[in-house]
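In case you want the letters, here they are:
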Amino acid sequence: FADITGLRRSFRTSYEGIARMIKRDLDTELGFTFSVGLAPNKVLAKVGSKWKKPSGLTVIPGRYVRLYLQHLPAEKIWGIGTQTAAYLRKFGIATALQFADRDETWVRNHLSKPFQEIWRELRGECVYPLVTKPKESYASIQKVKTFTPPSSDRQFIFSQLSKNIENACMKARRYELAASGVAIFLRTQDFHDQGIEISFSYPTSIPDEIIGAIDPAFSELYDARKLYRSTGVVLLGLKTDAPGQLDLFGEKIRTHNLLRLYRVIDEVREKYGKHTIYLGSSFLANRFQQHVGERGDAPERRSMLLKGETKRKRLGIPLFMGTVQ
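A brief report on the enclosed structure follows. (Residues numbered from 1 in each chain as written. Predicted model: local features only at pLDDT ≥ 70, side-chain atom pairs only at ≥ 80, totals over all residues. Heavy atoms only, no water.)

So, about the packing of helix 9 (residues 154-174) against helix 10 (residues 207-221). Running from N to C, helix 9 and helix 10 cross one another at 145°; their axes reach a closest spacing of 10 Å. Considering only the axes of helix 9 and helix 10, their crossing is right-handed. Of helix 10, the residues touching helix 9 (which contributes Arg 154, Ile 157, Phe 158, Leu 161, Ser 162, Ile 165, Glu 166, Cys 169 and Arg 173) are Pro 207, Ile 210, Ile 211, Ile 214, Asp 215, Phe 218 and Ser 219. Classifying every residue of the contact of helix 9 with helix 10 gives 10 nonpolar, two polar and four charged. (Axes fitted to C-alpha atoms, helices over the stretch in contact; angles between N-to-C directions. Helix = DSSP H or I, 4+ residues; strand = E, 2+ residues; numbered from the N terminus. Left-handed = near helix turned anticlockwise from the far one by under 90°. Contact = heavy atoms within 4.5 Å. Nonpolar A, V, L, I, M, F, W, Y, C, P; charged D, E, K, R; others polar.)

Next up, the structure:
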C-alpha cells in the first residue's frame, strides 16, 4: 500500500497518472508484472488490484464503488474467508454490495470488530491506517512452503520443514531477534493440519538448535500413510537477541559462537544469494524444484538467462529501448 495523497502537484499529473508511473517503474525495474488498484481506502484498493490480472490498473473513484461491488462475491473481499462468506450467505448476503448495504445495527449484532471495519471500508470510509515506515519488530515470524506433487517421503518433508526454519531464523537475525519457542505443522493433501508447539530453555535464532529440538516432535506428527503438500513453522516469543547470563554447561557460549558464524553466513547469502549456503537437512528442499507439472512449469524466460542474470535475479529490461535507424 502507498499513500499518494497530495502528490499531484509534485508530479504534475493526476492520481491515476501517479499510479501508472508506479506500475511502469515496477514492471521495468523488477522485470515482472504487477496489478495496481487505486481507491479511497485499503480494502477498495485491494479490490482494484485484483480486478485486472495479471497486469492491470483499476481506478475505483468513490462515486463508482457500488458498480464494482454489485457483482463481486463477498469472499473476494480482502479479509473475508470462506467460512465468513458461508455465514453471510445464511442471511442472503452473497455479494460485497449486499454486505455493504446492511444497516449498522445488523452488522454490530452479527459480526465481530474486524468485519465491522471491512463493512465501513466498503462504504467508503478510511478505517485501516496506512503504515509507511518499514517494519522493525515482530511478535512472531511464520514461514510456510507448498510443494507439488504431494509427498509421503519422510526425508523430503523434513527437508522442507528444515528450509522453512532456516528462512525464519534468517529473518529473525536480520531484526536481531531470538525465539523462545516454535510451532511446527504439516499439511496433508486434503488440507488437514497437524501441529505441535515447543518451548526452548533460552531464546535462539540458530536453525541447528531449533531443528534438533523439533526432530522428536516431527516424528510424532509424521504419518507415512499420508500425502503431505506443505510444511510450516512459526517462531514464537521473539525477544531482542542480547546475551544473557552464562549457563553452567556453556551452552550459551556455544550459541553465541554459532550466532557469530551465522552472521558471516548471512553476509555471504546477501552477496551471492539466499540459498548459496544451507544446512544438509535442507538439501532435498533446495536440490529439487518445489513445483512440477502444469502448475509448476518453469516460464520460458527462465530458460533464456542473459549475461549477468541468475535464476533468482533478472536484469531490468525497459519496455522501450529506442528506434533502430
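Here the narrative resumes.
Looking now at the environment of Ile 22. Along the chain, the position of Ile 22 falls in helix 2 (residues 15-30). Measuring from C-alpha to C-alpha, the distance between Ile 22 and Val 36 comes to 8.8 Å, with 14 residues separating the pair along the chain.

Before going further, it helps to examine helix 3 (residues 42-49). The element helix 3 is largely enclosed, with a buried count of seven among its eight residues. Within helix 3, the full set of buried residues consists of Lys 42, Val 43, Leu 44, Ala 45, Val 47, Gly 48 and Ser 49. Each element contacted by the buried residues of helix 3 is listed here: strand 1 (36-38), strand 2 (57-59), helix 4 (65-69) and helix 8 (113-122). (Buried < 20%, exposed > 50% of the residue type's maximum accessible area, 1.4 Å probe, protein only.)

The next subject is the packing of aromatic side chains. All chains considered together, the criterion is met by 10 aromatic pairs. Plain terms: the ring middles of Phe 1 and Trp 78 are 5.4 Å apart, the flat faces sit at 45° to each other, and that makes the pair tilted. You can see Phe 1 sitting in the segment before helix 1 (8-11) and its partner Trp 78 sitting in the loop between helix 4 and helix 5 (82-89), a full 77 residues away along the chain. Residue class for Trp 78 comes out partly exposed when judged on its relative accessible area of 32%. With centroids separated by 6.2 Å and ring planes inclined at 70°, the aromatic side chains of Trp 78 and Tyr 128 adopt a geometry described as edge-to-face. Highlighted residues: Trp 78 in the loop between helix 4 and helix 5 and Tyr 128 in the loop between helix 8 and strand 3 (141-151), separated in sequence by 50 residues. (Phe/Tyr/Trp six-rings, centres within 6.5 Å; stacked < 30°, edge-to-face > 60°.)

Moving on, we come to the pattern of salt bridges. Applying the stated criterion across every chain, the model contains 12 salt bridges. The closest approach of N and O atoms between Arg 108 and Glu 104, which form a salt bridge, is 3.0 Å. Within this pair, Arg 108 and its partner Glu 104 are both found in helix 7 (residues 104-110), separated by four residues, close to a single helical turn. Among the salt bridges present, the one from Asp 223 reaches Arg 225, with a minimum N-O distance of 3.0 Å. Look at Asp 223 and you get buried, because its relative accessible area is 17%. The exposure class of Arg 225 is exposed, given its relative accessible area of 76%. Within the structure, one salt-bridge network assembled from shared partners comprises Glu 166, Arg 173, Asp 266 and Arg 269. (Salt bridge = Lys/Arg side-chain N within 4 Å of Asp/Glu carboxyl O.)

Right, let's talk about unusual backbone geometry for a bit. Here the residue pair Lys 53 and Pro 54 is connected by a cis peptide bond, since its omega of 5° sits within 30 degrees of zero. Residues Thr 148 and Pro 149 are joined by a peptide bond in cis, for which omega reads -5°. Phi angles above zero are rare outside glycine, and Arg 12 is one such case at about 55°. Relative to the elements of secondary structure, Arg 12 occurs in the loop between helix 1 and helix 2. In the Ramachandran plot, Phe 191 falls in the positive-phi region, its phi being about 65° despite a non-glycine side chain. By secondary structure assignment, the location of Phe 191 is in the loop between strand 4 (177-188) and strand 5 (193-204).

Burial within strand 6 (residues 228-236) is extensive, with eight of its nine residues counted as buried. Taken together, the eight bridges between strand 4 and strand 6 define a ladder with antiparallel strand orientation. For Phe 185, the partnering residue across the bridge sits in strand 6 and is Gly 232. (Pairing = 2+ DSSP bridges.)

Core analysis: the largest hydrophobic core is formed by 35 residues, its most contacted members being Ile 165, Val 182, Ile 184, Ile 210, Ile 214, Val 233 and Leu 235. Elements with a minimum of two residues in this core: strand 3, helix 9, strand 4, strand 5, helix 10, strand 6 and helix 11 (251-272). Counting residues per element, this core draws most heavily on helix 9, which supplies eight residues. Setting aside residues no more than four positions away along its own chain, Ile 184 makes contact with Leu 161, Gln 194, Gly 195, Ile 196, Ile 214, Ala 217, Phe 218, Leu 221, Gly 232 and Val 233. The next biggest cluster of nonpolar side chains, apart from the first, holds 25 residues, and it includes Ile 80, Val 107, Ile 118 and Trp 119. (Core = buried A, V, L, I, M, F, W, Y, C linked by side-chain atoms within 4.5 Å.)

Moving on: helix 9. An ideal rise of 1.5 Å per residue puts 30 Å on 21 residues; helix 9 measures up with 30 Å between its terminal C-alpha atoms. Most of helix 9 sits inside the fold, with 18 of its 21 residues counted as buried. The residue sitting at the N-terminus of helix 9 and contributing the capping side-chain oxygen is Asp 153; that oxygen lies 3.0 Å from the backbone nitrogen of Gln 155. At the exit of helix 9 stands Glu 176, carrying a positive phi of roughly 55°. (Expected span 1.5 Å × (residues − 1). Polar contact = N/O pair within 3.5 Å; in protein donor to acceptor, adjacent residues only side chain to side chain.)

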